[in-house]
Amino acid sequence: MLLAELANLPGVSGGEKRVRQAIVEALAGCPVEMRTDNIGNLLVRKGPRRSPHVMLAAHMDEVGLMVVAIEKSGHLKFKPVGGIDSRVLAAKRVRVGAAAVPGVIGAKAVHLQKDDDRKKPYEIEDLFIDIGAAGKEEAEALVKIGDYATFDTAATPIGSGFWRGKAFDDRAGCAVLLQLLRDPELTGFSAVFTVQEEIGSRGAITASYALQPDRALIIETTAAADTPGTGEDFSSTVLGAGPALSVMDRSVIVDREMLTELIATAREAGLPFQFRRFTGGGTDAGAVALAGEGVKTAVVSTPCRYIHSPHSILKESDLQATAALVKAWLLRGER
Amino acid sequence: MPVSGFKIKDVLMELSAATGVSGDEGAAIDVAARYFRQYTDRVKRDRFGNLIAFKEGKLPAGEPRFSLALAAHIDEIGAMVTQIARGGFLRFTAIGGIDPRTLLGQAVVVHGRTPLKGVVGALAPHLLAERERRKELTLEKLYIDVGLSEAEAREQVRVGDLISLDQEPVLLNGEKCCAGKAMDNRAGVAVLLQCAAELASMQHRADLYFIATVQEEVGLRGAVTAAYGVSPDLAVAVDVTHGAAPGLPDHEVHSLGKGPVIAIGPNIHPALGEKLHALAQSYRLPYQIEPVAGNTHTDAWAFQVSREGIPTALVSVPLRYMHTAVELLNLDDLIAAGQLLAFLSRSLDGAFWEGLSCY
């Protein structure tokens, strides 16, 4: 499965090379033109440019950690890259640096904590990465300051039609975009695999400047809170109900015309969809919409539980429905 | 003195990967039993579930037989399903001392009709006010998501089904260290096997019992019946102790890679403890000393007061991040611990154990 292959690769913001290489390899033999820009985005054109010029985008990067200090004991202090809830970090496995050095995220053993401390969730300052080095020198032979660490998680099918894994945000979008680029029925559009979305959509700024699209559709992965303790009104999205269409978030107000088109497309094609019932969070759409003199922009997302954690969960049917909706929308534009 | 054909890392990793939550240790015991059969005369399970491997000692004619039990618990911490909630999510309770704050985003296996892979979740962070996010993360706030609808979950899972951490072990820093779930106390079981393998080429007078005890994490229960049933003349419990890590005071922890940890204190028979120090010194094995002022919270506590009392000692392996999915230890410490116990087995004679009652 394409999603699993992409999700298992390390690609923390600013270190997306392995993901980019995998995507380039996956596009070998496809009738596309590709280039990498100065910040690391992979810009792809399939078929002749049409009017309006459509750009699809998905981001390659994932949230992760960066080594910021190596302690005398050989333990590594780290900072988060992108938004990570520090409560998901304790006792998880990681891979550090280009050599994928295995490590674990440690904290003071619970037995040795005072009662008051046990009641507090772990904060980043309480945690460190342990690579089994007996001291600073041994650690420095294996890793260096500035190395990225990713969750050491292998994507696995679970339950009835679900996947468990890291970095589905937004390798799920990358998988959809790859599938569309490889689809022989689709041509005449641009696609961009962006970098550094998680720290402020840095890649999307330069990619949309370079491509100057008329319309952009951002293919994302968005949080689903269809889980215990959350009132239905606050679920934002639900797994199994199809792709989520954004109306507004912290970064963008979605172009009405495109949103209307996407809804009509889904209805005509009999595809499931839902609205993203939450106005927080942001995506590459914010940067793309402001490129040049402005770009009409919309966002379609695969819903996903526990994003930005070592193990997120999505439903494969939602991923397929996301791809089907974008495909139908592209074909509709040709009519 | 390397033992041919016995690789502690392979044994430890196989033991760590096997499931054996307290009360249902069968799968882990099967792995251990397979190895013990190679190095001992006979292997059995007692009525409570403990695995007992026996190896006869060789005595000069006419000397009274005596026995040494080496015990390590084989059970691991885990959890149990308490409710199949709306939407097919599973509520659970802990088996043994698990830190709920290490569980968010943790992969688990729910042992339903078939093993079900899942993830521990809680209220999504973007829905929590910052004040709320800083509050205690208790078990009640957590649930397990196995990617099943409520109807499917009810079909596959029953209240009472066990849950184990889903984490393969990994070697670190070359092959110096190993991290994974259940190292507490598969490490101890691996040490017993290391000892048994060493003894393949050593003579010993004592009859030896290698015991993998069950239900230690819920109150040293297997050790209670094993100690009574085996009724050894001497016992050494093998367990893990806290390894040095940032933020911990030196006097509460022991360094990884600096050898096994020999406990002293009221739980330990002074002469047996002293014997272990002396052996470590004379064979130039690295070792550390752990003073414990009372309960060691290990099987040694149960052995010491079995029947009319058993002279008992405790040898531990330093380990970091106890009771998590990433318990981390140094493999050299395990080897040295196994060798120390082999030297103890070899050195014991009738005079020594008869002298133990003379304080």
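Residues numbered from 1 in each chain as written. Chains lettered and ligands numbered in written order. Predicted model: local features only at pLDDT ≥ 70, side-chain atom pairs only at ≥ 80, totals over all residues.

*Asks:* Even after reading the chapter, I still don't get the packing of helix α5 (residues 183-198) of chain B against helix α9 (residues 331-347) of chain B, so can you show me in this structure?
*Replies:* Between two packed helices, what matters for the description is the angle formed by their axes and the separation of those axes. All names here are of chain B. With their axes 8 Å apart at the nearest point, α5 and α9 run at an angle of 50 degrees to one another. Comparing their axes, α9 and α5 come out oblique. As for how α5 packs across α9, the hand of that crossing is right-handed. Residues A187, A190, V191, Q194, C195 and E198 of α5 form the contact with α9, whose participating residues are L334, I335, A337, G338, Q339, L341, A342 and S345. (Axes fitted to C-alpha atoms, helices over the stretch in contact; angles between N-to-C directions. Helix = DSSP H or I, 4+ residues; strand = E, 2+ residues; numbered from the N terminus. Parallel < 35°, antiparallel > 145°, perpendicular 65-115°, else oblique. Left-handed = near helix turned anticlockwise from the far one by under 90°. Contact = placed C-beta atoms within 7 Å.)

*Asks:* How should helix α6 (residues 202-211) of chain A be read in this particular structure?
*Replies:* An α-helical segment advances 3.6 residues per turn. Residues three or four places apart therefore align on the same side. Residues and elements named next belong to chain A. The element α6 is largely enclosed, with a buried count of 8 among its 10 residues. Among the residues making up α6, those that are buried are R202, G203, A204, I205, T206, A207, S208 and L211. Its buried side turned inward, α6 meets β2 (42-46), β3 (54-59), β12 (189-194), β13 (215-223) and α8 (285-289). Within two residues after α6, Q212 carries a phi angle of roughly 45 degrees, on the positive side. (Buried ≥ 20, exposed ≤ 12 C-beta atoms within 10 Å, placed from the backbone.)

*Asks:* Quick question: what am I supposed to make of the domain arrangement of chain A here?
*Replies:* Size of an interface, as often reported, equals the accessible area lost when the parts are brought together. Residues and elements named next belong to chain A. When the domains of chain A are assigned, the result is domain 1 (2-62 + 166-334) and domain 2 (64-151). Between domain 1 and domain 2, the residue contacts involve 11 residues of the former and 13 residues of the latter. Residues that form the side of domain 1 that touches domain 2 fall into these classes: 4 nonpolar, 4 polar and 3 charged. (Domains from an automatic or database assignment. Nonpolar A, V, L, I, M, F, W, Y, C, P; charged D, E, K, R; others polar.)

*Asks:* Help me understand the domain arrangement of chain B, please; the structure alone is not making it clear to me.
*Replies:* Residues and elements named next belong to chain B. Per the domain assignment, the segments making up chain B are domain 1 (8-76 + 181-355) and domain 2 (78-165). Contacts between the two partners involve 11 residues from domain 1 and, on the opposite side, 11 residues from domain 2. Broken down by class, the residue content of the side of domain 1 that touches domain 2 amounts to 3 nonpolar, 4 polar and 4 charged.

*Asks:* Please clarify how the interface of chain B and chain A should be interpreted in this entry.
*Replies:* Chain B puts 48 residues into the contact, and the matching count from chain A is 52 residues. Every element with two or more residues in the side of chain B that touches chain A is listed here: β7 (115-121), β8 (143-145), β10 (170-172) and β11 (177-180) of chain B. It is β7(B) that provides the largest number of residues to the side of chain B that touches chain A, a total of 4 residues. Tallied by class, residues from the side of chain B that touches chain A come to 25 nonpolar, 13 polar and 10 charged.

*Asks:* How should unusual backbone geometry be read in this particular structure?
*Replies:* The bulk of non-glycine residues show a negative phi, and the bulk of peptide bonds are trans. That bond from A:S51 to A:P52 is cis: its omega, 0 degrees, falls within 30 degrees of zero. Within the secondary structure, A:P52 sits in the loop between β2 and β3. Note that the residue after B:D184, namely B:N185, is joined by a cis bond; omega there is 15 degrees. Inspection of the secondary structure assignment puts B:N185 in helix α5. For B:N173, which is not a glycine, the phi torsion comes out positive at approximately 50 degrees. Here B:N173 lies in the loop between β10 and β11. On the neighbour-count criterion, B:N173 (21 C-beta atoms within 10 Å) is buried. In this structure, B:S231 is a non-glycine residue whose phi angle is positive, near 50 degrees. As for its placement among the helices and strands, B:S231 is situated in the loop between α6 (221-230) and β13 (234-242).

*Asks:* Mind showing me how you'd approach the packing of helix α1 (residues 8-17) of chain B against α5(B) here?
*Replies:* Residues and elements named next belong to chain B. The contact between α1 and α5 brings their axes to 9 Å, and the two run at 140 degrees. Regarding the angle of α1 to α5, the classification is oblique. Taken as a pair, α1 and α5 cross one another with a handedness that is right-handed. Touching I8, V11, L12, L15 and S16 of α1 are M183, R186, A187, V189, A190, L193 and Q194, all from α5. Across the contact of α1 with α5, the residue classes break down as 9 nonpolar, 2 polar and 1 charged.

*Asks:* Hey, could you run me through helix α7 (residues 256-269) of chain A in this one?
*Replies:* Residues and elements named next belong to chain A. Here α7 contains 14 residues, and its C-alpha end-to-end distance of 20 Å stays within 8% of the 20 Å for a straight helix at 1.5 Å per residue. Along α7, the residues classified as buried are L262, T265 and A266. All buried residues of α7 project into a common sector of 95 degrees when viewed along the axis, lining one side. Opposite the buried face of α7, by more than 90 degrees, sit the exposed residues R256, E257, T260, A264, R267 and E268. For α7, the secondary structure elements touched by its buried residues are β14 (244-245), β16 (296-305) and α9 (316-334). Where α7 terminates, the next one or two residues include G270, which has phi positive at roughly 65 degrees. (Expected span 1.5 Å × (residues − 1). Arc of directions from axis to C-beta.)

*Asks:* Would you mind going over the environment of A:I131 with me for this structure?
*Replies:* Examined against the element boundaries, A:I131 turns out to sit in the loop between β8 (128-130) and α4 (136-140). C-beta crowding within 10 Å serves as the criterion here: with 27 such atoms nearby, A:I131 is assigned to the buried category. Through-space distance from the C-alpha of A:I131 to that of A:V101 is 7.4 Å; in sequence the pair is 30 residues apart. Those residues in contact with A:I131 that lie beyond four places of it in its chain are A:L76, A:V96, A:V101, A:G103, A:A139, A:L142, A:V143, B:L172 and B:N173.

*Asks:* How should the environment of B:W301 be read in this particular structure?
*Replies:* Residue and element names in this part refer to chain B. Following the sequence through the fold, W301 ends up in helix α8 (residues 299-304). In this structure W301 comes out as buried when scored by C-beta crowding, with 20 C-beta atoms within 10 Å. C-alpha separation for the pair W301 and I98, spaced 203 residues apart in sequence, amounts to 21 Å. Excluding residues that lie within four positions of it along the chain, W301 makes contacts with L220, N267, N295 and T296.

*Asks:* Looking at this structure, how should I read the pairing of strand β17 (residues 327-330) of chain B?
*Replies:* A regular strand carries its side chains on alternate faces of the sheet. Residues and elements named next belong to chain B. Side chains of β17 alternate between two faces, with E327 and L329 and L328 and N330 buried alike. With 4 bridges joining them, β11 and β17 adopt antiparallel strand pairing. Across the sheet, C178 pairs through a bridge with L329, a residue of β17. Taken together, the 2 bridges between strand β16 (residues 312-320) and β17 define a ladder with antiparallel strand orientation. Bridging from a neighbouring strand, R320 pairs with L328 of β17. (Pairing = 2+ DSSP bridges.)

*Asks:* What am I meant to see in the pairing of β13(B) here?
*Replies:* All names here are of chain B. Among the 9 residues in β13, 9 count as buried, and that is most of the element. Summarising the sheet, strand β3 (residues 67-73) and β13 pair through 4 bridges and their orientation is parallel. In the sheet register, L68 faces β13, and the bridge partner there is L234. In this sheet, β16 lies alongside β13 in parallel orientation, the contact comprising 8 bridges. When the sheet's bridge partners are listed, V238 is paired in β16 with V315.

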